[in-house]
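# Examining the three-dimensional arrangement
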Amino acid sequence: MDKKWRNLIIIIALVIVVVLGYIYLTQNQVSLPVIESKSINDGYEGFLVLFEKNDVNIDNIQLLNLVYSDENGIINWIEKKDGLLNLKNDLVVFKGNLLEYSIEDRNELSALTDVYIKAIDYSFSSEQEIKSLNVLFKSGFNCSELNKVTDLNRLIIQNYINLYDLAMDVDDFAYNYDPYSELILIELNDSYDYLLTVQEELNNVVIDCEGGKA
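Presented here is a report on the structure given in the accompanying data block. This one's a predicted model, so the numbers in the text were calculated from it and none came from an experiment.

## Here's the deal with the overall build of the chain
Across its full length, the chain holds seven helices and two strands. The N-to-C order of helical and strand elements in the chain reads α-α-α-β-β-α-α-α-α. When the 214 residues of the chain are sorted by exposure, 30% land in the buried category. Here the contacts in the chain between residues at least 6 apart in sequence split such that 72% fall between residues at least 24 apart.

Printed below as a string of C-alpha cells:
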C-alpha cells in the first residue's frame, strides 16, 4: 500500500475515534441524574436545626445577650461557650454546603450565616474587653503598666467597629432579602456612648498616673 494512502487511513481512523468518543461522553453526560435544588425554606430549617443541635437559644444571640460581668467582676455566659463555638463551626460548614440551592437562595443563606458568625465572634471579643476592664478598674492598676491602657483602648475601639460592621450587615440583609427582619438587635447609639464613657475613664487613669496620683 502506498505510504500516502496508509497515512490517510490512519488520520480517518483517528477522526472516527474522536467523534465516537465525543458522542459517548455527550450521551453519558445527558444521562446523569439531575439534582433538584433545595428551597429557601429547607435552608432556614437546616439553619435553625444547628441551634437546637448545640443547645443554643437563638433569641439570646439576636439580643447580643451572651456575656456579662456581675458586681464581683465574675464573667457569666448566658449560653455555654462550648455550645457557641460548636455552633460557629457548624455554621461555617453549613455556609460551605449551599450548592444545592439557587444562586439567589445561596446568597441569602450565606448572608444570614455570616451575621450570626459575626455575632458569636463579637461575644468572645466582648468577654476579653470585660476581663480587661475588670483588671483595670476592679483589681487595681499599676501606673508602670500604662501600655495596658493603650491596648485596652484599641480593643474597645475595635469592638465598636466590629459591632458597627455587624449592624451594617444586618441592615444589608433587610435591604436585600427581608425588610421586616431583625436578625440582631443593635443599639449603636448606646454602644457609642459606652465607648466614649470608657475612653474618658481610661484617659483619667493616664492623667492620674502622669500626675503621680495613682
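## Examining the pattern of salt bridges
Inspection of the entire model under this criterion finds eight salt bridges. Put simply, lysine 53 and aspartate 90 hold a salt bridge, and the shortest N to O gap is 3.1 Å. Placement of the pair is lysine 53 in helix 2 (residues 40–53) and aspartate 90 in helix 4 (residues 81–95), with a sequence separation of 37 residues. We note a salt bridge from aspartate 121 to lysine 88, for which the minimum N-O separation is 2.7 Å. On the criterion of sequence distance, the pair formed by aspartate 121 in helix 5 (residues 103–137) and lysine 88 in helix 4 is long-range, its members being 33 residues apart. Taking the relative accessible area as the measure of exposure, aspartate 121 reaches 32% and is therefore partly exposed. Linked through salt bridges whose partners overlap, the residues forming this network are Lys81, Glu127 and Lys131.

## Regarding the packing of helix 2 against helix 4
One way to put it is that helix 2 packs onto helix 4 with a least axis distance of 9 Å and a crossing angle of 160°. Relative to helix 4, the element helix 2 lies roughly antiparallel. Here helix 2 runs over helix 4; the crossing is right-handed. Residues Gly43, Gly46, Phe47, Leu50, Phe51 and Lys53 of helix 2 pack against Leu87, Asp90, Leu91 and Phe94 of helix 4.

## Some remarks on helix 7 (residues 188–210)
Across its 23 residues, helix 7 extends 33 Å between first and last C-alpha, which sits within 8% of the 33 Å expected from 1.5 Å per residue. Of all the residues in helix 7, the buried ones are Leu188, Leu195, Val198, Leu202, Val205 and Cys209. Buried residues along helix 7 sit against helix 5 and helix 6 (146–176).

What counts, and where the lines are drawn
- Residues numbered from 1 in each chain as written.
- Predicted model: local features only at pLDDT ≥ 70, side-chain atom pairs only at ≥ 80, totals over all residues.
- Heavy atoms only, no water.
- Helix = DSSP H or I, 4+ residues; strand = E, 2+ residues; numbered from the N terminus.
- Buried < 20%, exposed > 50% of the residue type's maximum accessible area, 1.4 Å probe, protein only.
- Contact = heavy atoms within 4.5 Å.
- Salt bridge = Lys/Arg side-chain N within 4 Å of Asp/Glu carboxyl O.
- Axes fitted to C-alpha atoms, helices over the stretch in contact; angles between N-to-C directions.
- Parallel < 35°, antiparallel > 145°, perpendicular 65-115°, else oblique.
- Left-handed = near helix turned anticlockwise from the far one by under 90°.
- Expected span 1.5 Å × (residues − 1).

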